[in-house]
Amino acid sequence: NYDGAPSDGSAWTEGDQSFRVLRGGSWAQFGPDLRSSHRILIQSGYGIKFFGLRVAMPSEDGSR
């Protein structure tokens, strides 16, 4: 939860800084993990290229 989080939008800098939170699902996951609220913990400095929120919208002609 966000109890104790900075109210000005700045980063939370207290505690263990060796991990980060990734948010959003990916094309490589199933079901409940395909949500913008999905989160996983990873080590700082490490990334997963297929993770993150994807935004999509229909084309102007209505095709997909």
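Further up the page is the structure itself.
About the criteria used
- Residues numbered from 1 in each chain as written.
- Predicted model: local features only at pLDDT ≥ 70, side-chain atom pairs only at ≥ 80, totals over all residues.
- Heavy atoms only, no water.
- Helix = DSSP H or I, 4+ residues; strand = E, 2+ residues; numbered from the N terminus.
- Buried < 20%, exposed > 50% of the residue type's maximum accessible area, 1.4 Å probe, protein only.
- Contact = heavy atoms within 4.5 Å.
- Areas by Shrake-Rupley, 256 points an atom, 1.4 Å probe, with all protein chains shown as cover.
- Patch = residues over 30% accessible without salt bridge, like charges linked within 9 Å, V, L, I, M, F, W, Y side chains within 5 Å.
- Salt bridge = Lys/Arg side-chain N within 4 Å of Asp/Glu carboxyl O.

Caption draft 1: Structural view of the overall build of the chain. Of regular secondary structure, the chain possesses zero helices and two strands. Counting only residues that meet the buried cut, the chain has 12% of its 64 residues in that class. In the chain, the share of contacts with a sequence separation of at least 24, taken over all contacts with a separation of at least 6, comes to 33%. As displayed, the chain offers around 5700 Å² of accessible surface, 55% of which is attributable to carbon and sulfur atoms.

Caption draft 2: Representation of a nonpolar patch on the surface. A cluster of nonpolar residues, Phe19, Val21 and Leu41, forms a patch on the protein surface that exposes about 290 Å² of accessible area. One can find leucine 41 in strand β2 (residues 39–43). The exposed category is assigned to leucine 41, whose relative accessible area is 58%.

Read these as layout, nothing more, since geometry by itself doesn't imply function.
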